[in-house]
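Structural overview
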Amino acid sequence: MENEIVTNKKIRVRFAPSPTGMMHLGNVRTALLNYLFAKQKNGTFVLRIEDTDPERNFDPGAVKIMEDLNWLGLTYDEGPNKPGSFPPYFQAQRTEIYQENLQQLISENKVYRCFCSQEELENKKQRQIALKIAPRYDKTCCKLTPEQIKEKLDKNIPFIWRMKLDPNTKITITDISHGQITFDMKNFSDFPITRQTGTFTFMFSNFVDDMVMDITHVIRGEDHLSNTAGQAALFKAFEKELPTYWHLPMICNIEGKKLSKRDFGFSIRDLQEAGYLPEALCNYLSIMGGSFEQEIMTISELLSVLDFSKSQAKGQIKYDLNKLNWINHKWISNYDNKKLTNLCKVYIEKEFPQAKALEKNIGENKLIRIIEILKPGLTTLKDITQEIRFLFVAPETTKIEILSLSNVDQNSFSQIIKLLEQNLSLLSAPEEFLNKIKLESKTNNFKIKDVFSLLRIGLIGSTKGPGIGELIDILGSKESKNRLEKLINIAK
Ligand code: GLU
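What comes next concerns the included structure.

Cut-offs and rules
- Residues numbered from 1 in each chain as written.
- Predicted model: local features only at pLDDT ≥ 70, side-chain atom pairs only at ≥ 80, totals over all residues.
- Heavy atoms only, no water.
- Helix = DSSP H or I, 4+ residues; strand = E, 2+ residues; numbered from the N terminus.
- Buried < 20%, exposed > 50% of the residue type's maximum accessible area, 1.4 Å probe, protein only.
- Near = heavy atom within 4 Å.
- Polar contact = N/O pair within 3.5 Å; in protein donor to acceptor, adjacent residues only side chain to side chain.
- Salt bridge = Lys/Arg side-chain N within 4 Å of Asp/Glu carboxyl O.
- Contact = heavy atoms within 4.5 Å.

**Some points on unusual backbone geometry**
- The amide bond that connects P87 to the next residue, P88, takes the cis arrangement and shows omega of -10 degrees.
- Mapped onto the fold, P88 is located in the loop between α3 (63-72) and α4 (95-107).
- Here the phi dihedral of E239 falls at roughly 55 degrees; this positive angle occurs in a residue that is not glycine.
- With respect to the element layout, E239 can be found in the loop between α8 (225-237) and β8 (244-248).
- Residue class for E239 comes out exposed when judged on its relative accessible area of 70%.

**Regarding the site of the ligand**
- Around the ligand, the surrounding shell consists of R14, A16, P17, S18, E50, F202, N206, R220 and H224.
- At 2.7 Å from an oxygen atom of the ligand is found a side-chain nitrogen or oxygen belonging to R14.
- Interatomic distance of 2.8 Å between a side-chain N/O atom of H224 and an oxygen atom of the ligand.

**Considering the pattern of salt bridges**
- The final tally for this structure, using the stated rule, is 27 salt bridges.
- With a shortest N-O distance of 2.9 Å, E50 and R48 are connected by a salt bridge. Exposure class is identical for E50 and R48. Each is buried.
- One salt bridge connects K150 with D154, and the closest N-O pair in it is separated by 3.0 Å. With K150 and D154 both in helix α6 (residues 146-154) and four residues apart, this pair spans about one turn of that helix.
- Residue classification places D154 among the exposed residues on the basis of a relative accessible area of 54%.
- Through salt bridges with shared partners, a single network forms among R14, R48, E50, R94, D209 and D210.

**Concerning the environment of I173**
- Structurally, I173 can be placed in strand β5 (residues 170-175).
- Placed 144 residues apart in sequence, I173 and I317 show a C-alpha to C-alpha distance of 23 Å.
- I173 has contacts with G179, Q180, I181, F183, T228, A232, L242 and Y245, leaving out every residue within four places of it along the chain.

As structure tokens, this is what we get:
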């Protein structure tokens, strides 16, 4: 497939979302692969907003799309707010360009007016379905004489422009995933170029922009494969070279069904709010469906290992949240502590309003140290609210709970509690305190695991978490002492 990727033209790709108000995983993956493809091949990555359909325009100005791309780090070279050779980059502002190109097709007699009403078209379609014929426009209006056309125009009957396909031709496209695909035009309908309102269809405007923006590779979801025959016919009608296509497999959920709003993570805003890192998301979406020796990769590492000529996956690829979680966890574990602290702060301050005052008290460095200690427990940034809870909320336990949680037998329990009580005063020097506790536990034949369980329950109300020394470090000697005193009182 390498030959299809290599071209002597400068590579230009585009991400062409409709401003539906939400970027979902499929969009993000398409944007990402366009971006990576352009970067690796020294090409240009264009952002073009397909906003001609008012029913799908929920994000005027595509503000959310640009915010999302920015968050993901997918910087475009040309597009809204970025000067480029083919402005404007909002389709709604490109009507004149579509009009000019339609005029060319009209003058070359490659399109015709269709006066059929919606109702007539629907009836024809139902009849064809009943006769078990593939529903296709029957070219009625292609056969109208100039007089008939004039009559209809005089009567102001609304019309649309349709493409005149030659049923005797076949067009072959090259697709990175699918190889060569040949479309036999006799199987396709003369598709609409305009709507009755005079606006242009997706099929036409999307094609015109790809043609006039010199797009060399059309990388988009496989759901657009059905549009490709018509668009390829348009390239031929304009006697232009076809771009290479790459129709990306659709993302499905773990049960193999098309990913939908009900699947967590469908919308990337959900993933962002839940605390997935953009680096992890890009990492996951780039490697999904492939196999890689090393799976945790930065964009520049991905650029050096991705081999687009081997991207032959088609059909569906599975979105596996567990895998994404694993990748996110790895990214968090390796993240710079200061940067991570800044990201975590947003979640902490939202959950614990007292956090701001605390940070002032303990200082930024201490907070960074706390995050560093807690980060092994984070799958997402939001998990920090659970992990750090103990710092803001002292544990509330009963003796029964302590016993069942620690699983220490009654006899050792009272003795360990006594040992803790005797050494509490040493807590101002945590290391000394711990050494003494360890030593005396050994002498008294207490299981060190039991002693540490009780200490942890006293400090944070759980048997799991960071090391005791780290917990004392986080809480400070005074607060640790208060909490252990409380434990001792309850346990007595
Ligand atoms: N505007 C189309 C969409 O949002 C993209 C079309 C294309 O990439 O060719 O699905």
